[in-house]
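Geometric and topological summary
Here are the chains, one letter per residue:
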Number of protein chains: 2
Amino acid sequence: MSIKFADRMNKVQKSFIREILKVTENHEVISFAGGLPNPVSFPVEEIKKAAQKVLDENGSDVLQYSTTEGYLPLRQYIADRYYKRFGLKVNADEILITNGSQQGLDLIGKVLLNKEDDILLERPGYLGAIQAFSIFEPTFHSVTLKDDGVDTELLEKTLEKYKPKLFYTVPNFQNPSGITYSEENRKALASILNKYDTVLIEDDPYGELRFIGEDVPPVRTYLHDNSIMLGSFSKIVSPAMRLGWICAKVEIMDKLITAKQAADLHSNYFSQRVVYQYLTDNDIEDHIKKIRELYKKQRNCMVNAIEKYFPSEIKSTKPEGGMFLWVTLPEGISSLDLFDVAAKQNVAFVPGDPFYTGDKGINTFRLNYTNSSEEMIEEGIKRLAESIKQIISTR
Amino acid sequence: MSIKFADRMNKVQKSFIREILKVTENHEVISFAGGLPNPVSFPVEEIKKAAQKVLDENGSDVLQYSTTEGYLPLRQYIADRYYKRFGLKVNADEILITNGSQQGLDLIGKVLLNKEDDILLERPGYLGAIQAFSIFEPTFHSVTLKDDGVDTELLEKTLEKYKPKLFYTVPNFQNPSGITYSEENRKALASILNKYDTVLIEDDPYGELRFIGEDVPPVRTYLHDNSIMLGSFSKIVSPAMRLGWICAKVEIMDKLITAKQAADLHSNYFSQRVVYQYLTDNDIEDHIKKIRELYKKQRNCMVNAIEKYFPSEIKSTKPEGGMFLWVTLPEGISSLDLFDVAAKQNVAFVPGDPFYTGDKGINTFRLNYTNSSEEMIEEGIKRLAESIKQIISTR
């Protein structure tokens, strides 16, 4: 018997990164390919205490089915934190707990996208968003990122021409580029969006991880109402817990809840209770501060090693937070070819290819610095520099 | 700004049960409406020990990102259990860990269903499946359930006429009807399906909970290859953990993994490790035996109370396992009307309405017996009997 799969499955690529991970299974390989938080930052003992406590105090309650929306005190905690950090007034009923913010993307696709709807991404854009939205077979458009945010001139033209249903962004320490939208850029972006019906999706998995400069308010602060924000505990508590959230006004939330219920009834309730207990019993600011200090060292180490070893014609971003930086090779040099050369030197990264929906930026690639020691970063960048020199010389 | 939602959201109803739960928030109401396992069956202390152990022994590993497929030893455990219980040979790479079996339905819909594809459900059918598949806008057909399984004559006609892409079934202690397909019925069903390309979805959340008679092998045992099985730890360990699985051959699995990755990267890894540790360190057979004994008492109590109090013209099923039984009122009496009458007597159930996709069986309703004490069951059925008599007399 031959299975006839749904048409949408022809539009979705298996993650390129999954394929790359095969190369990195070799323990001699220094991998800058993944997007993993540094496990030394995970609060193992505190999570253990929190798990014991919720089971001791609440017994079987925390093992039962729960509501689709999520655990109310956790939703209230998230709402309160928006107010505390940015003065943003959000109600708990505007928060839906999801299985990581990745599920937020699937649910948003479900409730907003008809086949061939126009949607807008950043260029380069987060590949998980490209995957999630591809399932709903939209027509992708993209707008270039500059050093201080989105290209607003190009944005306005694209909005005018295609009237896209949504614009998906990662304004803080973007994945893959590492760039951050300046306050000025956010205001300009908002004032343009306020003229259109396009919904801004503001995904912020790394926002708490700023180690240089000052926090900038979400774009939502300057928007009238066409906003959906996504957040996650993956980078500040634990990714294994798969706890993220969608923040949207009630009109959208109502549809998202229906879609979430059809998708999996509700998110893991035990983990919601454990993470809430952890957040309540510990100094999360202090915990985040430690992660920032750790990542700042790793980022500085990589930025310095790049300056020291890479040929001067290679450009790279200098992130103020988050987990990634972005490298641009001279025109005409393929990062896919570089990947093969570098693999022989036992160093890996993610070629730019999967971060583009239309024309590919073949001469770009992404480096992660959070999951390697400083020694490995120095050694890995040195090897990568050798590979780059080799591929430039054989051009 | 007005949001233009995707067309598919017009096809999906919010769960009727969610609305009903509002009635049951009143603590004086005896509710047979939910589908909750009895929380006294949850292994609270054992889960606590398992959580401690995985964190003590594996530290930050269990808090990190993991693979889309799920924790390999847990997948192997599931595969081994199919062999142990039924002699079914399944490989771990044919198992995908999902967020409860509900997510299995969403992923199957994603990879198989184009808009307006014909699909087949049981009549009455599981409302969670109706919700999950509705998202993909198929054309629903249904085949009547008899006391010993599916109406095979009607099935063959429907397969011949519509060539449906899939047939979704719950052969053990079906939700909502409580009926079980006999071995003979399974063989007949399989021999019909073997002539068509229709994929059998065999959902089995309650299969371990048989308290009368002997286990019957899955329909898959008699099928050539067009089979997907779904399973869940929700009813034998804890629903809060949201751990279910899909068992499918590798050709389908490959697409399911791509869809799962786009949907949420992977299922909660901490809970996978905790549940696997729990399964390894405890006698699961003994645990399941206790749940069966508990539910058998509750089921017998409800069946006896129905015989004692309900007017003799009311028909109801006598489940051999699982969590539900199904009541049929005399023709022309609406269970929606009965719901209002019963609510005034402080007793609740789920009217049949949401379990049908086409013509409604307006005179049917579902009762759950696993989440009420024997005293509550006796009292609740007594009240319900009064409500039924009242509505029959005012006809």
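Residues numbered from 1 in each chain as written. Chains lettered and ligands numbered in written order. Predicted model: local features only at pLDDT ≥ 70, side-chain atom pairs only at ≥ 80, totals over all residues. Heavy atoms only, no water.

1. Points about the relation of the copies chain B and chain A
Of the transformation placing chain B onto chain A, the axial shift is 0.0 Å and the rotation is 180 degrees, giving an RMSD of 0.0 Å. Within this description, the copies of the chain are treated as partners about a two-fold rotation axis. Of all interface residues in chain B, 100% are interface residues in chain A too; the two copies therefore contact each other through one and the same surface. (Least-squares fit on C-alpha atoms with pLDDT ≥ 70 in both. Contact = heavy atoms within 4.5 Å.)

2. Some points on the UniProt feature "domain: Aminotransferase class I/classII large" (unreviewed entry) in chain A
When the UniProt feature table is mapped to this numbering, "domain: Aminotransferase class I/classII large" (unreviewed entry) covers residues 43-384 of chain A. Along residues 43-384 of chain A one finds 43% helix and 17% strand; the C-alpha atoms at either end are 33 Å apart. (UniProt positions renumbered as here; feature names shortened; annotations may be inferred. Helix = DSSP H or I, 4+ residues; strand = E, 2+ residues; numbered from the N terminus.)

3. Some remarks on the nonpolar core
Core analysis: the biggest nonpolar cluster contains 239 residues, and A:Phe270, A:Leu367, B:Phe270 and B:Leu367 have the highest contact counts within it. A:Phe270 has contacts with A:Ala51, A:Val54, A:Leu55, A:Val62, A:Leu63, B:Ile47, B:Ala240, B:Met241, B:Phe270 and B:Ser271, leaving out every residue within four places of it along the chain. (Core = buried A, V, L, I, M, F, W, Y, C linked by side-chain atoms within 4.5 Å. Buried < 20%, exposed > 50% of the residue type's maximum accessible area, 1.4 Å probe, protein only.)

4. Here we look at the side chain of B:Glu122
All names here are of chain B. Along the polypeptide, Glu122 turns up in strand β3 (residues 118-123). Although buried, Glu122 forms no salt bridge, and the nearest oppositely charged side chain, Arg186, lies 9.0 Å from it. There is a polar contact of 3.1 Å between the side chain of Glu122 and the backbone nitrogen of Val170. For Glu122, the residues in contact, after removing those within four places along its chain, are Ser142, Val143, Leu145, Phe167, Tyr168, Thr169, Val170, Gln174 and Tyr181. (Lys, Arg positive; Asp, Glu negative; His and termini not counted. Salt bridge = Lys/Arg side-chain N within 4 Å of Asp/Glu carboxyl O. Polar contact = N/O pair within 3.5 Å; in protein donor to acceptor, adjacent residues only side chain to side chain.)

5. A few points about the sheet that holds strand β13 (residues 350-351) of chain B
Residues and elements named next belong to chain B. Taken together, the four strands give an open sheet; going across it, the order is β10-β11-β14-β13, and neighbouring strands pair in antiparallel fashion. A single partner strand is all that each edge strand has here, and the edge strands are β10 (315-316) and β13. Bridge count for strand β11 (residues 324-328) against strand β14 (residues 364-368) is five bridges, and the pairing is antiparallel. Residue pairing across strands places Phe324 opposite Asn368, the latter belonging to β14. (Pairing = 2+ DSSP bridges.)

6. Topic: the interface of chain B and chain A
Contact with chain B, which involves 81 residues of that partner, is made by 82 residues of chain A. Contact between chain B and chain A buries roughly 7,200 Å² in total, counting both sides, with carbon and sulfur atoms accounting for 59%. Scanning the region where chain B abuts chain A turns up four salt bridges. Among the salt bridges present, the one from B:Lys48 reaches A:Asp56, with a minimum N-O distance of 2.5 Å. On the surface where chain B and chain A come into contact, there are 40 residue pairs in polar contact (both at pLDDT 80 or more). Mapped onto the side of chain B that touches chain A, the elements with two or more residues apiece are α2 (44-58), α4 (100-112), α5 (127-134), α8 (250-264) and α9 (269-281) of chain B. With 11 residues, the top contributor of residues to the side of chain B that touches chain A is α8(B). Classifying every residue of the side of chain B that touches chain A gives 36 nonpolar, 24 polar and 21 charged. (Buried area = accessible area lost by both parts, 1.4 Å probe. Nonpolar A, V, L, I, M, F, W, Y, C, P; charged D, E, K, R; others polar.)

7. Examining the sheet that holds strand β8 (residues 227-232) of chain B
All names here are of chain B. If you trace the eight strands from one edge of the open sheet to the other, you get β2-β9-β8-β7-β6-β3-β4-β5, paired in mixed fashion. Bordering the open sheet on either side are β2 (95-99) and β5 (149-150), each of which pairs with just one other strand. Here β8 runs beside strand β9 (residues 243-248); their pairing, made up of five bridges, is antiparallel. Bridge pairing links Gly231 to Trp245 in β9. Sitting on the sheet, α8 is in contact with β2, β8 and β9, with an inclination near 30 degrees to β2. (Axes fitted to C-alpha atoms, helices over the stretch in contact; angles between N-to-C directions.)

8. Regarding the domain arrangement of chain A
All names here are of chain A. What the domain assignment lists for chain A is domain 1 (7-42 + 286-393) and domain 2 (64-281). Domain 1 puts 34 residues into the contact, and the matching count from domain 2 is 34 residues. Note on domain 1 versus domain 2: buried area summed over both sides is about 3,100 Å², and carbon and sulfur give 64% of it. By the criterion of area lost to domain 2, the three top residues of domain 1 are Arg292, Glu320 and Thr357, representing 21% of everything that side buries. Inspection of the region where domain 1 meets domain 2 yields two salt bridges. Across the salt bridge formed by Glu137 and Lys11, the nearest N and O atoms sit 2.9 Å from each other. At the surface where domain 1 touches domain 2, the tally comes to 11 residue pairs in polar contact (both at pLDDT 80 or more). Taken together, the elements giving at least two residues each to the side of domain 1 that touches domain 2 come down to α10 (284-309) and β11 (324-328). Element by element, the count of residues in the side of domain 1 that touches domain 2 is highest for α10, at seven residues. Each residue belonging to the side of domain 1 that touches domain 2 can be placed in one class, and the counts come to 17 nonpolar, seven polar and 10 charged. (Domains from an automatic or database assignment.)

9. Overview of the packing of helix α6 (residues 152-162) of chain A against helix α7 (residues 183-193) of chain A
Residues and elements named next belong to chain A. Running from N to C, α6 and α7 point in directions that differ by 15 degrees, and their axes come no closer than 10 Å. It follows from the interaxial angle that α6 and α7 lie roughly parallel. Crossing geometry of α6 relative to α7 is assigned as right-handed. For the pair α6 and α7, contact is made by Thr152, Leu155, Glu156 and Leu159 and by Asn185, Ala188, Leu189, Ile192 and Leu193, respectively. (Parallel < 35°, antiparallel > 145°, perpendicular 65-115°, else oblique. Left-handed = near helix turned anticlockwise from the far one by under 90°.)

10. Concerning the environment of A:Val216
Residues and elements named next belong to chain A. Within the secondary structure, Val216 is located in the loop between β7 (199-203) and β8 (227-232). Between the alpha carbons of Val216 and Lys22 there is a distance of 38 Å; along the sequence they are 194 residues apart. Not counting residues within four places of it along the chain, the set of residues in contact with Val216 comprises Phe86, Tyr181, Ser182, Glu183, Arg186 and Arg210.

11. Focus on the pairing of strand β4 (residues 139-146) of chain B
All names here are of chain B. Alignment of β3 against β4, held across six bridges, turns out to be parallel. Paired with Ile119 across the strands is Phe140, a residue of β4. Across two bridges, β4 lies against β5 in antiparallel orientation. Each bridged residue has a counterpart across the sheet, and for Leu145 the counterpart in β5 is Val150. What sits between the antiparallel neighbours β4 and β5 is a turn of two residues.

12. Brief notes about helix α11 (residues 335-344) of chain A
Structural remark: α-helix, 3.6 residues per turn; residues separated by three or four positions point the same way. For α11(A), the full list of buried residues reads A:Ser335, A:Leu338, A:Phe339, A:Val341 and A:Ala342. N-cap assignment for α11(A): the residue whose side-chain oxygen lies 3.1 Å from the backbone N of A:Leu336 is A:Ser334.

13. Overview of the packing of aromatic side chains
With the rule as written, the count across this model stands at 19 aromatic pairs over all chains. Ring centres of B:Tyr71 and B:Tyr276 lie 5.5 Å apart, and the angle between their planes is 75 degrees; this geometry places the pair in the edge-to-face category. Here B:Tyr71, found in the loop between α2 and α3 (72-86), pairs with B:Tyr276, found in helix α9; they are 205 residues apart in sequence, far enough to count as distant. Of the residues examined, B:Tyr276 reaches a relative accessible area of 22% and is grouped as partly exposed. Taken together, the aromatic side chains of A:Tyr71, A:Tyr269 and A:Tyr276 make up a single cluster linked through ring pairs. We note A:Lys255 situated over the ring of B:Phe5; from NZ or CZ to the ring centre the distance is 5.3 Å. (Phe/Tyr/Trp six-rings, centres within 6.5 Å; stacked < 30°, edge-to-face > 60°. Lys NZ or Arg CZ within 6 Å of the ring centre and 35° of its normal.)

14. Considering the pairing of strand β7 (residues 199-203) of chain B
All names here are of chain B. Most of β7 sits out of view: five of its five residues are buried. Residues Val199, Ile201 and Asp203 line one face of β7 and the alternating positions Leu200 and Glu202 line the opposite face, and both faces are buried. Relative to β7, strand β6 (residues 166-169) runs parallel, the two being bridged by four bridges. In the sheet register, Phe167 faces β7, and the bridge partner there is Leu200. Where the polypeptide runs from β6 across helix α7 (residues 183-193) and back to β7, its parallel neighbour, the crossover connection is right-handed. Relative to β8, β7 is paired through four bridges, and the arrangement is parallel. (Right-handed = clockwise from strand over helix to strand, strands pointing away.)

15. What about the environment of B:Glu307?
Residue and element names in this part refer to chain B. Turning to its location among the elements, Glu307 is positioned in helix α10 (residues 284-309). Residue class for Glu307 comes out exposed when judged on its relative accessible area of 53%. With 188 residues separating them along the chain, Glu307 and Ile119 place their C-alpha atoms 37 Å apart.

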